[in-house]
Amino acid sequence: MRGEMMGVTWILCVVLCGLCGSACASGDTHSLYYLYTIQSKSSSEGGYEFSAETLLDDEEIDSYSSISTNTGGIRTPKQEWLRKMKEREWIEGTDKLKYDGQELNQVLESHMKAFRHRESVLDGHTLQWMAGCEGEIHSDGSVSGLNGVNEYTYDGQTLIS
């Protein structure tokens, strides 16, 4: 998963340019970050409590929570322009978040086992993952990736950055 995510970090800069669209001017710097949190203390059948946020230029544009419904989670747009996304693209993005939650569920279980932490409501543990980048848009429309981030923390301790 780690190798796959390193490539994703730089792809985010291309996505970033698409999200900014014509509103972006030459020389503008923008950021896009995905923040994931999974907690063992709220475990239920089939997985732990998983949530995600997407930030564009430090503003939340959507959120996801695995415990919002019995259907495996719900994604909520936080910006009006995001509500206009094509339904197929919205569903694909939501499915990707569900998949990421399942993957992080396995990573959390692996870390709990490695650190010999008990799995119980009283002994909750947290895994967080942040991936994203800043990008600068040039006059020819090209984008330069700046300051890519791909960081994992477990119970507040940085594991990989």
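Reference entry: report on the structure contained in this document. (Residues numbered from 1 in each chain as written. Predicted model: local features only at pLDDT ≥ 70, side-chain atom pairs only at ≥ 80, totals over all residues. Heavy atoms only, no water.)

### Digging into the overall build of the protein
A count of helices and strands for the protein gives two helices and seven strands. Mapped from its N terminus to its C terminus, the protein presents α and β elements in the order α-β-β-β-β-α-β-β-β. Taking all 161 residues of the protein together, the buried fraction comes to 37%. In the protein, of all internal contacts separated by at least 6 residues, the share reaching a separation of at least 24 is 52%. Total accessible area on the protein is roughly 9,300 Å²; 49% of this is exposed by carbon and sulfur atoms. (Helix = DSSP H or I, 4+ residues; strand = E, 2+ residues; numbered from the N terminus. Buried < 20%, exposed > 50% of the residue type's maximum accessible area, 1.4 Å probe, protein only. Contact = heavy atoms within 4.5 Å. Areas by Shrake-Rupley, 256 points an atom, 1.4 Å probe, with all protein chains shown as cover.)

### What to know about the pairing of strand β6 (residues 143–154)
The pairing of strand β5 (residues 126–137) with β6 spans ten bridges and is antiparallel. By the bridge assignment for β6, Trp129 is matched with Tyr152. Two successive antiparallel strands, β5 and β6, enclose a turn made up of five residues, where Gly141 displays a positive phi of approximately 90°. From the end of β6 to the start of strand β7 (residues 157–160), which pair antiparallel, there are two residues, and Asp155 there has a positive phi angle of about 50°. (Pairing = 2+ DSSP bridges.)

### What to know about the nonpolar core
Tyr36, Ile38, Phe50, Leu104 and Leu108 are the most contacted members of the largest nonpolar core, which totals 15 residues. Elements represented by at least two residues in this core include exactly β1 (29–44), β2 (47–56), α2 (87–114), β5 and β6. The dominant element in this core, judged by the number of residues it contributes, is α2, at four residues. Leave out the neighbours within four places in its chain, and Ile38 touches Tyr48, Glu49, Phe50, Gly101, Leu104, Asn105, Leu108, His125, Thr126 and Leu127. Leu32, Leu56, Leu82 and Trp90 belong to the second-largest nonpolar core, a separate cluster that totals five residues. (Core = buried A, V, L, I, M, F, W, Y, C linked by side-chain atoms within 4.5 Å.)

### Some details on α2
The terminal C-alpha atoms of α2, which comprises 28 residues, lie 41 Å apart, in line with the 40 Å expected from a rise of 1.5 Å per residue. For α2, the set of buried residues is Trp90, Thr94, Leu97, Asp100, Gly101, Glu103, Leu104, Asn105, Leu108, His111 and Met112. (Expected span 1.5 Å × (residues − 1).)

### Re the environment of Trp81
As for its position among the elements, Trp81 is in the loop between β4 (74–77) and α2. On the basis of relative accessibility, which here comes to 37%, the residue Trp81 falls in the partly exposed class. Sequence-wise, Trp81 and Ile61 are 20 residues apart; in three dimensions their C-alpha atoms are separated by 9.2 Å.

### Thoughts on the environment of Leu108
One can find Leu108 in helix α2. In this structure, the C-alpha to C-alpha distance between Leu108 and Gln128, residues 20 residues apart in sequence, is 9.3 Å. Leave out the neighbours within four places in its chain, and Leu108 touches Ile38, Gln39, Ser40, Tyr48, His125, Thr126, Leu127 and Tyr154.

### Things to note about the pairing of strand β3 (residues 59–65)
Sheet faces and side chains relate simply in a regular strand, where the side chains alternate between the two faces. Counting buried positions along β3 gives five out of seven residues, so the element sits mostly inside the fold. As consecutive antiparallel partners, β2 and β3 are separated by two residues, and within that stretch Asp57 has a phi angle of approximately 50°, a positive value. Looking at chain direction, β3 and β4 are connected through four bridges and run antiparallel. Looking at β4, one finds that Asp62 is bridged to Pro77.

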